[in-house]
Structures are given as structure tokens and as C-alpha cells.
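Report on the structure
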Protein chains: 2
Amino acid sequence: MKNISKETILQMDKVEKLNLINSCTGFKSANLIATKSIEGNTNVAIFSSVTHLGNSPSLIGFIVRPTTSPINTYKNIMETGYFTINHITLDMIADAHHTSANYESGISEFDKTNLEEEYKEGINIPFVKGSPVQLYCKFVNEYNIKENGSIHIIASIENIFFEEALKHKDGWLRLDKGNVVTLNGTDGYFLPKLINRFLYAELDTPSKSFREE
Amino acid sequence: MKNISKETILQMDKVEKLNLINSCTGFKSANLIATKSIEGNTNVAIFSSVTHLGNSPSLIGFIVRPTTSPINTYKNIMETGYFTINHITLDMIADAHHTSANYESGISEFDKTNLEEEYKEGINIPFVKGSPVQLYCKFVNEYNIKENGSIHIIASIENIFFEEALKHKDGWLRLDKGNVVTLNGTDGYFLPKLINRFLYAELDTPSKSFREE
């Protein structure tokens, strides 16, 4: 196997380093985070760092770098306290990727792509129309990661909207039924196929497959 | 679409809540984190929260809940300062899932599964043999997430080991070439297939596919 050390990475070409380090942690969640400024300007940007933090309460986290990329997402969340997380489907990938272009503040990526705003009763922040899983989230806290100036945003899930066909009777949302994609690096879009689902792991017993009744 | 509110989620059956909340953020990275205690006991446990934090320096983060799940992973990292992240492949999924069984301290999951320890020159912490991407990581910091008692571990990438066939000339590791899987929820294992790779997003220009030269 090839072995690349920290010292070699530091000396790498910028693009090569970006591609290598962004792809070396595994497949990533592919989400569009939509927000609205206090003046009413909407924004939508692709994120691959949304992570489950806990069930009780239902908390998620994601990473922003306020000085570089999606600066408006962070600003809008700080202004309104709310945002939406929308899963990216196969037919959205070109538009989802385009949201990473560096548009200036005040220009909505909804106007620059085929992505459409969707509004739900009682919620002032846009969702992305056609996304089969949409989360309405409330800002809870932020942790400054002093090692590189990034920020870990913590948010609660206020509402989960999903296409009913995705939901198994035990609560599991089977994402391939909604053509949800995953990211490899910053630019590789993949469609996952179910291989197996296992039961809760028991001591000294090999993993058993989940069987439909 | 179905709409489930925070209040409904709070009242849900424990298993249904776990499945719903763990699957609603999207596909997740599937990694085995291997550690060794100061006494020399090895440990390997599955994680789905490893996230890219930045390239310069190369930093990753992941979530532990020291009071519940993989308690030994956290303890060992605190003792030695080092751990390894190993991508899970298709033929490892049953064993990888079994590492989530609640073995007591001192029992190595390497002894309870077909997963094998692999040692590399100058590194005292085990890797998982056969994993096509393996990261040697050094603990850097921890952030206590007071909202639910979880801990965000920050670590630097000291070495990246990978099968050369995965690496594109621009640094990208194409994970499907190594049969790397992704997780949907806590127990659904999926194999992703490449759909498209796009060039860096430019203002007012639709996403362009990456073309091999």
C-alpha cells in the first residue's frame, strides 16, 4: 500500500491535497442547507458534514468555515436561528454541485439553478422541493474549533418531513428508495445500493441479517 | 409528505426513534476505529461520524459518547494519544457490525470476529487488515458537547495508507474501486456506485462533468 505522511501532505499541490484529504474519510452525507436572511434573501448550499449527534434530544451537527465557504449559510442561521437540511437526489446533483460556486451575498442559488424553494405551513425558511427527506432545524449552540478556525454548529431537529414510501415500520428511512446520493470527496456523486441490514449485535453471536416479516 | 414533529419524536418508541433519527441525516461514513490500551489490549469498533474538518492542517473529527458506546475507544485514545481509521469493505460488513456488540473492557473485538490486526513499521497501534484506506491519527483536542454529553474528538492525520488503484492522478481516492461501503442508519450497509464527478463550480455556468484525459 502507498503510505503518504503528514510531511508529504503539507508539501502537496493544493488541488491534490484537497482531493486526497476530502476523500480519505469515507463516503459523506450529501445535503442542501437552505436559509433565509433577516431581509428575506434565500440561500442554498451543499454540505457534506451533517452528522447525527444523539436521539434524546434529537441533535445534529455540521461544520462551517465562516471566513471562506458558505458564508451566507452561517450569517443567515445566526440571524434567524433556523435552517433546513434537504437530502440530494440523483436528479439534483448538477444543481446541488453548482451551489458551491462562490456567489456574492444577496444572490440566491435558487435563482441560479433549477432547485426550487418549497414552503411549509408555519415555517418561514425554504426547503428544497423534491427532496425526499427534509429536516427543519433550530440552532442550539456553536463550538469554535480553534485548531483550524472552523465552527461546529449544533442544532435540534424540530420537524422531519419524508416521503412515506421510505419509512420502514421500525422507523428506519431507507434512503435508496428516494434515490438519495452520497459524496466521495468534494465532487464525486454516488448512488448507494442496499447490501444488507443487520439485527442489533449480540455478544458471541455472528451478525444476523434483518428479515422482513 | 409525512411530517413528524419534535414533540411526536419525544414520545416515540425507543427503537423507532433510534432508527428514524439515525437515518434522517443521510448516508454516513463507515469506519472501524482501532486502538490499543496502555497495557496492550487492542480494540476495534464501528463509527459512522468521522468527518473531514480541514486540509491545512489535515484534521478529522468524530463523536464519542463515553458513558455508553465504545467506551474503550475513548479510554485507549486518551491513554496513548493515537488511533487508526479503517474503511469498511463489502466483505467485512458482518464482522464490522459485530464490533458494536457490548463486549466488556479487556476483550478485543479482533478476537471475536474475523477482522485481523495489521501492524505497520514504526506504529504501535493496529490497523484493520484488508481495509483499502487506513489513516493513522493523533489526538489533538476534544470538545464536550454539553447539549447531550457527547464528545467531539479532533485529530490530525499523520499518515494515509491506501491501495494505489484507488488514487486518481489529481489526488482523489475513488472509494468504489475498494468496495468501500456506506451506512444508512445504524444497521443498513450500502455499496455506492459512481454516477458523476463534476469540475469546480464556476459562477453562472452549469456544472460540467469531469472528463478523463
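Since the structure is predicted, the reported quantities are computational estimates derived from the model, not experimental observations.

Ordered by their spatial adjacency, 6 strands build an open sheet running 2(A)-12(A)-13(A)-13(B)-12(B)-2(B), and the pairing between neighbours is antiparallel. Whereas interior strands pair on both sides, the edge strands pair on one side only; in this sheet they are strand 2 (28-29) of chain A together with strand 2 (28-29) of chain B. Strand direction decides the pairing type here: strand 12 (residues 182-184) of chain B and strand 13 (residues 188-197) of chain B, joined by 3 bridges, are antiparallel. Bridge pairing in strand 13 of chain B links Leu183 of chain B to Tyr189 of chain B.

This part takes up the interface of chain A and chain B. Listed as interface residues are 106 residues of chain A and, on the opposing side, 106 residues of chain B. Here chain A meets chain B over a buried area of about 9100 Å², counting both sides, of which 60% is carbon and sulfur. Taken together, the connections running from chain A to chain B amount to 8 salt bridges. With a closest N to O distance of 2.9 Å, Lys6 of chain A and Glu158 of chain B form a salt bridge. Counting across the chain A and chain B interface gives 68 residue pairs in polar contact (both at pLDDT 80 or more). In this structure, strand 1 (residues 2-5) of chain A lies alongside strand 11 (residues 150-162) of chain B, joined through 4 bridges in antiparallel fashion. Looking at strand 11 of chain B, one finds that Lys2 of chain A is bridged to Phe162 of chain B.

So, about the pattern of salt bridges. In this structure the tally under the stated criterion is 18 salt bridges over all chains. A salt bridge links Asp187 of chain A to Arg197 of chain B, with the shortest nitrogen-to-oxygen separation between them at 2.9 Å. Here the residue Asp187 of chain A occupies a position in the loop between strand 12 (182-184) and strand 13 (188-197), and Arg197 of chain B occupies one in strand 13, the pair thus bridging two chains. A relative accessible area of 9% means that Asp187 of chain A is categorised as buried.

This paragraph deals with the relation of the copies chain A and chain B. Overlaying chain A with chain B gives an RMSD of 0.0 Å, the required rotation being 180° about an axis along which the chain moves by 0.0 Å. The operation mapping one copy onto its partner corresponds to a two-fold rotation axis. When C-alpha positions in chain A are compared against the rotation axis, the closest is assigned to Pro192 of chain A, at 1.8 Å. Mapped onto chain B, 100% of the interface residues of chain A again fall at the interface, so both copies present the same surface.

All names here are of chain A. The residue Lys138 is located in strand 10 (residues 133-145) in this model. On the accessibility criterion, Lys138 (33% relative accessible area) is partly exposed. Along the sequence, Lys138 and Phe83 sit 55 residues apart, while their C-alpha atoms lie 6.6 Å from each other. When near neighbours in sequence (up to four residues on either side) are disregarded, Lys138 contacts Gly81, Tyr82, Ile154, Ala155, Ser156 and Glu158.

How each quantity is defined
Per chain, residues are indexed from 1 in the order of the written sequence. As they are written, the chains are lettered A onward and the ligands numbered 1 onward, keeping that order. Local features in a predicted model are, by the rule used here, given only for residues with pLDDT of at least 70; side-chain atom pairs are given and counted only at 80 or more, and totals for whole chains, interfaces and linings are based on all residues. Water and hydrogen atoms play no part in the side-chain values, which are based on all heavy atoms of the structure. One requirement defines pairing of two strands: DSSP has to find at least two bridges between them. Runs of E in the DSSP output that reach at least two residues are strands. Runs of H or I that reach at least four are helices, and both are numbered from the N terminus. The criterion used for residue contact is that any of the two residues' heavy atoms lie within 4.5 Å. What counts as buried area is the accessible surface, traced by a 1.4 Å probe, that two parts surrender upon association, with contributions from both included. Salt bridges are defined as contacts in which a side-chain nitrogen from Lys or Arg sits within 4 Å of a carboxyl oxygen from Asp or Glu. Within 3.5 Å is the distance limit for a polar contact, defined as a pair of N or O atoms, with the added protein rule that one can donate a hydrogen and the other accept it, and that residues adjacent in sequence qualify only through two side-chain atoms. When accessible area is computed with a 1.4 Å probe and restricted to protein chains, residues below 20% of their type maximum are described as buried, those above 50% as exposed, and intermediate ones as partly exposed. Least squares is the method for superposing the copies, and the C-alpha atoms it fits come from residues with pLDDT of at least 70 in both.

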